[in-house]
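# Structural characterization, general
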2 protein chains.
Amino acid sequence: MTSIRLAIVGLGKIARDQHLGAIEATSGIDLVAVASRNAKLDGVACFSDIEDLLASGIAIDAVSLCTPPQGRFSQAKAALYAGKHVMLEKPPGATLSEVYALEALAKSKGLSLFSTWHSRAAAAVEPARALLGQRKIRSLSVEWKEDVRHWHPGQAWIWEPGGLGVFDPGINALSIVTRIMPETFHLVASQLTFPANRAAPIAASLSFETASGIPVGAEFDWRQTGPQTWDIRVETEEGSVVLTHGGSRLFVDGEPRMVEEDKEYSNLYRDFVSLVAKGASDTDFSPLVHVADAFMLGRRIQTEAFED
Amino acid sequence: MTSIRLAIVGLGKIARDQHLGAIEATSGIDLVAVASRNAKLDGVACFSDIEDLLASGIAIDAVSLCTPPQGRFSQAKAALYAGKHVMLEKPPGATLSEVYALEALAKSKGLSLFSTWHSRAAAAVEPARALLGQRKIRSLSVEWKEDVRHWHPGQAWIWEPGGLGVFDPGINALSIVTRIMPETFHLVASQLTFPANRAAPIAASLSFETASGIPVGAEFDWRQTGPQTWDIRVETEEGSVVLTHGGSRLFVDGEPRMVEEDKEYSNLYRDFVSLVAKGASDTDFSPLVHVADAFMLGRRIQTEAFED
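In this text, all values refer to a predicted model and were calculated from it rather than measured experimentally.

What follows deals with the UniProt feature "domain: Gfo/Idh/MocA-like oxidoreductase N-terminal" (unreviewed entry) in chain A. Taking the UniProt record as the reference, the feature "domain: Gfo/Idh/MocA-like oxidoreductase N-terminal" (unreviewed entry) is found at residues 4-113 of chain A. Between the end C-alpha atoms of residues 4-113 of chain A the distance is 14 Å, and the span holds 38% helix and 23% strand.

Here's what the structure looks like:
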């Protein structure tokens, strides 16, 4: 089978830090073009945006959208109408209605749409899922606390409506929890802390419940300096199952378990190659549904202005 | 075929104003029980809540939930686990995750779940839908402005998280627009006005776009005294199509069109009888998806405290 000819749209921090290396390391897919307002990349065709890219007639099979979520819909729509498979960075869009529309459009065109969750592809996630499928869960709690100044320096879009604020990292945790829990869950209470000068929350405290009544809690905070915390702790009748470091390390009953080397983005591109080969899509939007619920059901608290 | 033996849960304003008369007027369904914390109804079995109702062993086939949305999930779940068909007042729940979970549960049990939208059952809606299917639409705008003090006097739950504030009436408009528009649409901007002392918005200004780029606007406001406005105006290349009075009157190119007498709730119960007979469900949650999107993408403005 010939390799997928891929174009990246949006050559910012996430594309350079993760996508370029992962594409290079994955067989069955080759980067042939880039669309970016400001940046260029040696060795591939460069365009200023997706419209120019598609209008150029360059031979590509798929696009990977690494732009901020607010403009993602029109880019994905243009790509699908041009007959290209589409891979979406997380979050997949700024609204649920638009991602549902993309799902329907991809289906109607017979194209692959892959709504990626890089944290779900972390090394400890599948082992934890398998383990929890065999245990009786009592509770699950998420602690996802990081320093926004370090991870998102000067990224104004992340504080705008649609940028999701602390849910930008928090949705990574939700993408793991929705994968490892054997049943679905729904929000019962949500408290969102907004800086006085920002349109997105800097912290969130969420209480969910599964259909059978198991409590699921999540604490997201963007104000943590020093050591960073990306932990998910599951208490079961047989002992604890703990994922740390964003889902890349696993502790079972207090003991570390060996897991594969972490290669989130390589896994995503491997899965994309496989989806395209099968003519299939992977569009689990449940993490974004939980975020929308958290806003809809959220009680808002105002805190001091945030400047970076 | 024998009639559906129905229990109403929640005997508040909407149940007394609309449901009781509509059930009485509909063939194929009979009210046999009521569950209400405070109220009783002559001539039927009365229980204090759905748990007592279900535990009593009284012979019922279905429940109609007329309680506020925040507690709806556990009631609907209990009813479905007890093998009863379920009809949900609008909005169908406090979160999307919970209504998706109910949809899956009803399907797995082979029971009918009907997520009702009473405004969608208004007299002008189907004629407008048929007409718009044959015209070329340029734009749609909603103006939904009413006096909350008149319609929701002292209803504290409506101002709490999950009560939706002005989206409680606004979702009625969205339930019509999602029905009459030939294509789906998604939110592009949202501005929500919150009273300083309330957890839900008193006004909302929304801009949507269809996949083909048609603008859809909506203005919701709960501060309108005097004449009330529940209008949807569609501009088409062939002239205007206007629904007034909450979808019960229709004007085409400026001329009033005769439509059936308005009987929203009777239509809902007629449809429920038909769904149960067919073993089918009707669970279009798209109006609630738009509301969740409006919160997630919403820019918040604070206004003066509201007291009623």
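Aromatic ring pairs are reported here in terms of the distance separating the ring centres and the angle at which the planes meet. Residue and element names in this part refer to chain A. Applying the stated criterion to the full structure yields 16 aromatic pairs over all chains. For the pair Phe185 and Phe208, a centre-to-centre distance of 5.2 Å together with 80° between the ring planes defines the contact as edge-to-face. Remark: Phe208 occurs in strand β9 (residues 203-210) and Phe185 occurs in strand β8 (residues 185-195); sequence separation between them is 23 residues. Exposure class is identical for Phe185 and Phe208. Each is buried. A connected cluster of aromatic rings, assembled from ring pairs, spans Trp159, Trp222 and Phe306.

This next bit is on empty space enclosed by the protein. Tallying each qualifying case throughout the model produces one cavity of 30 Å³ or more. Empty space within the largest cavity amounts to approximately 100 Å³. If you trace the largest cavity, you find it lined by Leu192(A), Phe194(A), Phe295(A), Gly298(A), Arg300(A), Leu192(B), Phe194(B), Phe295(B), Gly298(B) and Arg300(B).

A separate point is the pairing of strand β2 (residues 29-35) of chain A. Residue and element names in this part refer to chain A. Of the strand pairs in this sheet, strand β1 (residues 4-9) and β2 are connected by six bridges, and their pairing is parallel. Directly across from Leu6, in β2, lies its bridge partner Leu31. Across three bridges, the pairing between β2 and strand β3 (residues 45-47) is parallel. Counterpart to Ala33 in the pairing with β3 is Ala45.

Attention now goes to the relation of the copies chain B and chain A. In screw terms, the move from chain B to chain A is a rotation of 180° and a rise of 0.0 Å along the axis, fitting with an RMSD of 0.0 Å. What the rotation and shift describe, once combined, is the action of a two-fold rotation axis. When you check the interface residues of chain B against chain A, 100% turn up at the interface there too, and the contact is symmetric in its surfaces.

Side chains that are three or four residues apart share a direction in an α-helix, a result of its 3.6 residues per turn. Residues and elements named next belong to chain B. Those residues of helix α5 (residues 125-132) not exposed but buried are Val125, Ala128, Leu131 and Leu132. Viewed end-on, α5 has its buried residues packed into an arc of 130°, placing them on one side of the element. Here the buried face of α5 lies against β7 (137-145), α7 (167-180), β11 (229-236), β12 (239-244) and β13 (249-252).

This next bit is on the side chain of Thr193(A). The residue Thr193(A) is located in strand β8 in this model. Contact partners of Thr193(A), with chain neighbours within four places excluded, come to Pro201(A), Ile202(A), Ala203(A), Arg223(A), Ile301(A) and Thr303(A).

Analysis parameters
- Residues numbered from 1 in each chain as written.
- Chains lettered and ligands numbered in written order.
- Predicted model: local features only at pLDDT ≥ 70, side-chain atom pairs only at ≥ 80, totals over all residues.
- Heavy atoms only, no water.
- UniProt positions renumbered as here; feature names shortened; annotations may be inferred.
- Helix = DSSP H or I, 4+ residues; strand = E, 2+ residues; numbered from the N terminus.
- Phe/Tyr/Trp six-rings, centres within 6.5 Å; stacked < 30°, edge-to-face > 60°.
- Buried < 20%, exposed > 50% of the residue type's maximum accessible area, 1.4 Å probe, protein only.
- 1 Å grid on protein atoms, 1.4 Å probe; cavity = no way out; pocket = protein on both sides within 12 Å on 5 of 7 lines; lining within 4 Å.
- Points joined across faces, edges and corners; volume = space filled by probe spheres on them.
- Pairing = 2+ DSSP bridges.
- Least-squares fit on C-alpha atoms with pLDDT ≥ 70 in both.
- Contact = heavy atoms within 4.5 Å.
- Arc of directions from axis to C-beta.

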